[in-house]
Amino acid sequence: MKKDHEIMSDEELKKFFLNEAMLLCPATRFEESEIEKLHILFGSLRKINKLLGTLCYSNMEVHYMEVLNVFGFYFTEKEGERKVKHRMNTHLSAYSQFIFQLTKFKELTTHYYYYTNSHLKALAHVMQICYPNDFKEGEINEIEIKQFLAHEKEE
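Residues numbered from 1 in each chain as written. Predicted model: local features only at pLDDT ≥ 70, side-chain atom pairs only at ≥ 80, totals over all residues. Heavy atoms only, no water.

Chemist: Mind showing me how you'd approach the overall build of the chain here?
Modeler: Looking only at helices and strands, the chain features seven helices and zero strands. Each helix (α) and strand (β) of the chain, taken in turn from the N terminus, gives the series α-α-α-α-α-α-α. Within the chain, the fraction of its 155 residues that count as buried is 30%. (Helix = DSSP H or I, 4+ residues; strand = E, 2+ residues; numbered from the N terminus. Buried < 20%, exposed > 50% of the residue type's maximum accessible area, 1.4 Å probe, protein only.)

Here it is in structure tokens:
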């Protein structure tokens, strides 16, 4: 399978990411330099990727059953106010529906997680190729990019 930078030139990829930065990160409209726009985009994509990774690797089915078991035991107890139990049952029902919806979209979440992962690789590649002199020691975004690329090499 070809990598993004093998399908498109680095310059075309850079333009693509700059346009994406304008759409995904409104703060980039106030930045003048391209590298700053790409740094902001990288940070946003990194956060999205972490969220999707958390959803992708969590076992929602287990959470769903644990919540039902714990609250099921609580609701069978004889003591306690009826109104409190009813309110808790309403909250449990809403939370259960939320987890069930997340479980239904597990395949899509996993797919999009891997998509954003490859997207981040391509963005890091473009940033290193197009702006090699803009990465100075101690710069947070450079460290994030290096950590991300090092993690990818391990896999």
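Chemist: Explanation requested: the packing of aromatic side chains in the structure shown.
Modeler: Between two aromatic rings, the relevant description is the distance of the centres plus the angle of the planes. The tally for this structure, following the rule as stated, stands at four aromatic pairs. An angle of 80° between the planes, with centres 5.7 Å apart, marks the rings of Y57 and Y113 as edge-to-face. Here Y57 is found in helix α3 (residues 34–57), whereas its partner Y113 is found in helix α6 (residues 106–130), with 56 residues between them in sequence. Within the aromatic cluster, the residues linked to one another by ring pairs are Y57, Y113 and Y114. (Phe/Tyr/Trp six-rings, centres within 6.5 Å; stacked < 30°, edge-to-face > 60°.)

Chemist: Help me out: how do you make sense of the pattern of salt bridges in this one?
Modeler: Pairing of side chains with opposite charge becomes possible as their charged atoms draw close. Counting across every chain of the model gives two salt bridges. Notably, a salt bridge pairs K14 with E11, separated by 3.2 Å at the nearest N-O pair. Of the two residues, K14 and E11 both sit in helix α2 (residues 10–24), three residues apart, roughly one turn of that helix. Accessibility expressed as a relative area gives 40% for E11, which makes it partly exposed. One salt bridge connects K14 with E34, and the closest N-O pair in it is separated by 3.1 Å. Here K14, found in helix α2, pairs with E34, found in helix α3; they are 20 residues apart in sequence, far enough to count as distant. According to the relative accessible area criterion, K14 is buried, its value standing at 11%. Salt bridges linked by common partners bring E11, K14 and E34 together as one network. (Salt bridge = Lys/Arg side-chain N within 4 Å of Asp/Glu carboxyl O.)

Chemist: Sorry if this is basic, but what is going on with the packing of α3 against α6 here?
Modeler: Helices that pack against each other are described as a pair by the angle of their axes relative to one another and the distance between those axes. Direction vectors running N to C along α3 and α6 enclose 155°, while the axes themselves pass 9 Å from each other. Considered as vectors, α3 and α6 are oriented roughly antiparallel to each other. For the pair α3 and α6, the sense of crossing is left-handed. Looking at the contact of α3 with α6, its residues break down into 17 nonpolar, eight polar and two charged. (Axes fitted to C-alpha atoms, helices over the stretch in contact; angles between N-to-C directions. Parallel < 35°, antiparallel > 145°, perpendicular 65-115°, else oblique. Left-handed = near helix turned anticlockwise from the far one by under 90°. Nonpolar A, V, L, I, M, F, W, Y, C, P; charged D, E, K, R; others polar.)

Chemist: Sorry, what's going on with empty space enclosed by the protein here?
Modeler: Unoccupied space between atoms shows up once a probe the size of one water molecule is rolled over them. Summed over the entire model, instances satisfying the criterion amount to one cavity of 30 Å³ or more. Forming the walls of the largest cavity are L55, M60, L102, K106 and T109. For the lining of the largest cavity, the residue count by class is three nonpolar, one polar and one charged. (1 Å grid on protein atoms, 1.4 Å probe; cavity = no way out; pocket = protein on both sides within 12 Å on 5 of 7 lines; lining within 4 Å. Points joined across faces, edges and corners; volume = space filled by probe spheres on them.)

Chemist: Looking at this model, I keep getting lost on the environment of T116. Mind explaining?
Modeler: Note on placement: T116 falls in helix α6. Taking C-alpha positions, T116 is 7.9 Å from I48, a pair spaced 68 residues apart along the chain. Look past the residues within four positions of T116 in its chain and what remains in contact with it is I48, N49 and L52. At a separation of 2.7 Å, a polar atom in the side chain of T116 contacts the side chain of N49. (Contact = heavy atoms within 4.5 Å. Polar contact = N/O pair within 3.5 Å; in protein donor to acceptor, adjacent residues only side chain to side chain.)

Chemist: I'm lost on the side chain of T28 in this one. Help?
Modeler: Within the secondary structure layout, T28 lies in the loop between α2 and α3. Among the polar contacts made by the side chain of T28, one reaches the main-chain carbonyl oxygen of A21 at a distance of 3.0 Å. Side-chain polar atoms of T28 contact the backbone oxygen of C25, separated by 2.7 Å. Apart from the residues within four sequence positions on either side, T28 is in contact with A21, M22, K37 and I40.

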